[in-house]
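For reference, the chains in residue letters:
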Amino acid sequence: MSAYGGGRAPRLLRPARQETYEKLFSTVYVGLMINVLLAVTCAPLLAALAIVKDPLASWPFFAVLSLPCGPALAGAFGCFAGLVEGSTDVLRAFWCSYRRAARQAFLLWAGGTAAVSVLVVDMAAVTPTGWGPALVPFFLTVSALVVTVVLAFLVLLAEASGPVRLRPLVLPCLYFVVRRWYLSVLDIAVLGLAVSVVLLKPVAGIFLACSPLLYVVWATTRFAVAPVLSRHRQET
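Residues numbered from 1 in each chain as written. Predicted model: local features only at pLDDT ≥ 70, side-chain atom pairs only at ≥ 80, totals over all residues. Heavy atoms only, no water.

**Examining the environment of Val118**
What counts is decided by this rule: Here a helix means four or more residues in a row that DSSP labels H or I, a strand means two or more in a row labelled E, and each is numbered from the N terminus. Buried, partly exposed and exposed residues are distinguished by accessible area as a fraction of the type maximum, computed with a 1.4 Å probe on protein chains only: under 20%, between the cut-offs, and over 50%, respectively.
On the secondary structure map, Val118 appears in helix α5 (residues 90–126). Taking the relative accessible area as the measure of exposure, Val118 reaches 47% and is therefore partly exposed.

Written out as structure tokens, the structure is:
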């Protein structure tokens, strides 16, 4: 007789249910496929990162090449939303979200990139002055707000079933990302980690690390703007 009583195996050593394995493999499959689709849609950027040794020295060039990242992120966020609902049809979810949000996501990413670029250039210009360091927190805060609001819009676009009028949603999204600032800080940190990984190891970063990190960004942003998302669904 086993020491655990009655010859029965301990509870912790029992094999997991088949549904658990299926869900695990489905999640891994979705993550890998999202990485592949991100690599395909952002191929010019990845190719340039693989060739150029110091991307930060040529950041305006890479800022332009990053424009397809807006629609690509919307596609990835659509896949995450489908995964939560139990769907593993990655290609369909990605393509539907990508196609539906492409124009607005592209313009959003372009506007956000331009705004952050101007803020960074201004910060670099005023920092050497005597009063410049006092303005650094302002520039960093505004840049973080721009990034988090753009992410909030991409989440809304990815899950919208129809056209989205973004202008009326600016203030509500801004309110919730500021109100839940701790989630916004987490978003910035995780997104910065994802960008750092891709800059250091473009191929390995995009094929291995992107989907888990972007899932965290999507989940926290979605929770932060959940009231806006819920209201928009009711209106549509």
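**What about helix α4 (residues 69–84)?**
How we decide: For a helix, the expected span equals 1.5 Å multiplied by the number of residues minus one.
Spanning 16 residues, α4 covers 22 Å between terminal C-alpha atoms, matching the ideal 22 Å at 1.5 Å per step. Among the 16 residues in α4, 15 count as buried, and that is most of the element. Within two residues after α4, Gly86 carries a phi angle of roughly 100°, on the positive side.

**Looking at helix α2 (residues 43–51)**
Since the α-helix turns once every 3.6 residues, residues separated by three or four places project in the same direction. Filter applied, for reference: An arc is given here, and it is the one of the directions from the helix axis to the C-beta atoms.
For α2, the set of buried residues is Leu45, Leu46, Ala48 and Leu49. Down the axis of α2, the buried side of the element spans an arc of 165°, and every buried residue falls inside it. In α2, those exposed residues whose orientation departs by more than 90 degrees from the buried face are Ala50 and Ile51.

**Observations concerning the pattern of salt bridges**
Our working definition: Salt bridges, as used here, are contacts in which a Lys or Arg side-chain nitrogen is within 4 Å of a carboxyl oxygen on Asp or Glu.
Applying the stated criterion across every chain yields a total of 1 salt bridge. A salt bridge links Glu159 to Arg222, with the shortest nitrogen-to-oxygen separation between them at 2.7 Å. Taken together, the positions of Glu159 in helix α6 (residues 136–159) and Arg222 in helix α9 (residues 202–224) put the pair 63 residues apart, joining distant regions of the chain. Residue classification places Glu159 among the buried positions, given a relative accessible area of 13%.

**Overview of the packing of aromatic side chains**
The criterion, for reference: Here the aromatic set is Phe, Tyr and Trp, taking the six-membered ring for Trp, and pairing holds for ring centres within 6.5 Å; pairs whose planes are under 30 degrees apart are stacked, those over 60 apart are edge-to-face, and all others are tilted.
According to the stated counting rule, one finds 10 aromatic pairs in the structure shown. Seen in terms of ring centroids, Phe61 and Phe62 are 5.3 Å apart; in terms of plane orientation they differ by 75°. Their pairing is edge-to-face. Judged by its relative accessible area of 45%, Phe61 falls in the partly exposed class. Since its relative accessible area comes to 9%, Phe62 is described here as buried.

**Some details on a nonpolar patch on the surface**
Here is the rule we go by: For patch building, the residue pool is restricted to those with more than 30% relative accessible area and no salt bridge; the joining distance is 9 Å between like charges and 5 Å between nonpolar side chains (Val, Leu, Ile, Met, Phe, Trp, Tyr). Methods summary: accessible areas were calculated by the Shrake-Rupley approach with a probe of 1.4 Å, and residue burial reflects only the protein chains presented.
A cluster of nonpolar side chains, Val36, Val40, Val203, Phe207 and Leu208, forms an exposed patch at the surface whose accessible area comes to about 460 Å². Taken together, the elements giving at least two residues each to the nonpolar patch come down to α1 (18–41) and α9. The element contributing the most residues to the nonpolar patch is α9, with 3 residues. By the secondary structure assignment, Leu208 is in helix α9. By relative accessible area, Leu208 is classed as exposed at 62%.

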